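An overview of the molecular structure
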Amino acid sequence: MKNKKLVLYVALAVSLGACGNDNEPESSPVPDGRTALTVQGEIGTKGASASRAIDTDWGYNDKIGVFMVYSGNDAGLTQENICGGADNKCYVTTGGDGNFKPDGAETEGDNTNIIYFPVVGAVDFYAYYPFVSPLTDYIYPLDVAVQSNQEAIDFMYADKVEGCTKENPKVGFNFVHKLSKLVLEISPGDGLNTADLKNLSVTVGDQPIKATFNLSNGTLACGADKSDITLLTTESGTLSEAILLPNSAKSRVLTFDLNNGNDEPFTWTMDKALDAGSKYTYEVRLHRTKVEITSASITGWTPENGGAVDAH
């Protein structure tokens, strides 16, 4: 993508205890002199929408996972390398304004998710969105089979931030989208009207539906399972979208069904590979006899140029 990066500024302040102090419970009250991590996220101007899936805003109650590890080695995310118990800590922006706080700390007085900067030594940080727990071996499970809640599958990852110390506690996380997004802007053409679209369903055939993402090295691996995926379509039938797993196949069949008991489903073959971090937008006009793609572009996540095609 011409990456629409999400920049998180993390203020990590001084702790009185050293990193990895096993004698102090993570949920204990904050001792005098310790200042908790604070997080501010900037990803563009907050608009009227509360949906994270629109690509530019945090959503209300969006949660990220944060890890802190010892610096100066290649161990990555392992239990032995986790520093100060900061293993998949959950931070939340309740107002969707990019101000993140430890989940539970503000409303329940729960200190479990608070991260403290060590007094001595450097640390590295990892972060991802959306937060899940538990994780096994720092592998994030991905499943795009169900599209009804796109915020839940809009996975993003921040590259490791290295060599952080208390002397320079401000850390920037640059999040990027690791999946692909398909957006269809649909309108009625010859022989149809707006009312004809109200029962429209759109599917994309034979797509990988499960994958894993290694949070330690930032790599995604698709599984063997494939299935038809039903896109999330508005009640009016004028907008249909899906978040899909990246894959190199340059041919995928989309089916448009008016579900009116009369018209046979229309099909169109998309001739582009799905690249990580790219959003593919097509203007689709449904005619009684065919599907017409009036414009095509790859914008938002990774801008590229597209072309217009017709499909019967």
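Our structure's up above, just so we're on the same page.
First, a word on what this report is: a plain description of the structure on this page.

Cut-offs applied
Residues numbered from 1 in each chain as written. Predicted model: local features only at pLDDT ≥ 70, side-chain atom pairs only at ≥ 80, totals over all residues. Heavy atoms only, no water. Phe/Tyr/Trp six-rings, centres within 6.5 Å; stacked < 30°, edge-to-face > 60°. Helix = DSSP H or I, 4+ residues; strand = E, 2+ residues; numbered from the N terminus. Buried < 20%, exposed > 50% of the residue type's maximum accessible area, 1.4 Å probe, protein only. Core = buried A, V, L, I, M, F, W, Y, C linked by side-chain atoms within 4.5 Å. 1 Å grid on protein atoms, 1.4 Å probe; cavity = no way out; pocket = protein on both sides within 12 Å on 5 of 7 lines; lining within 4 Å. Points joined across faces, edges and corners; volume = space filled by probe spheres on them. Nonpolar A, V, L, I, M, F, W, Y, C, P; charged D, E, K, R; others polar.

1. Overview of the packing of aromatic side chains
- Evaluation of the coordinates by the stated rule reveals eight aromatic pairs.
- Seen from their ring centres, Phe67 and Tyr138 are 5.7 Å apart, and the 75° between their planes marks the pair as edge-to-face. Of this pair, Phe67 sits in strand S3 (residues 62-70) while Tyr138 sits in the loop between strand S6 (123-129) and strand S7 (139-143), placing them 71 residues apart in sequence. Tyr138 carries the same exposure label as Phe67, and that label is buried.
- The interplanar angle of 70° and the centroid separation of 5.3 Å between the aromatic rings of Tyr128 and Tyr140 together place this pair among those described as edge-to-face.

2. Some details on the nonpolar core
- In terms of nonpolar packing, the biggest core is built from 48 residues, with Leu184, Leu215, Phe256, Tyr282 and Leu286 touching the most fellow members.
- Ranked by size, the runner-up nonpolar core spans 21 residues in total, among them Trp58, Ile64, Cys83 and Met156.

3. Section: the layout of surface pockets
- Of the voids in this model, the second largest pocket is the one considered here, and its volume is about 180 Å³.
- Here the lining of the second largest pocket is composed, by residue class, of four nonpolar, four polar and two charged.

4. So, unusual backbone geometry
- Cis geometry marks the peptide bond from Tyr129 to Pro130, where omega comes out at -5°.
- Within the element layout of this structure, Pro130 appears in the loop between S6 and S7.
- Between Ser133 and Pro134 the backbone carries a cis peptide bond, its omega angle lying at 0°.
- Locating Pro134 in the fold gives a position in the loop between S6 and S7.
- At Asn88, a position not held by glycine, the phi torsion is positive, near 60°.
- Note on placement: Asn88 falls in the loop between S3 and strand S4 (89-93).
- Residue class for Asn88 comes out buried when judged on its relative accessible area of 11%.
- Non-glycine residue Asp137 carries a positive phi angle of around 55°.
- Note that Asp137 resides in the loop between S6 and S7.

These results come straight from atomic positions and should not be treated as a statement about function.
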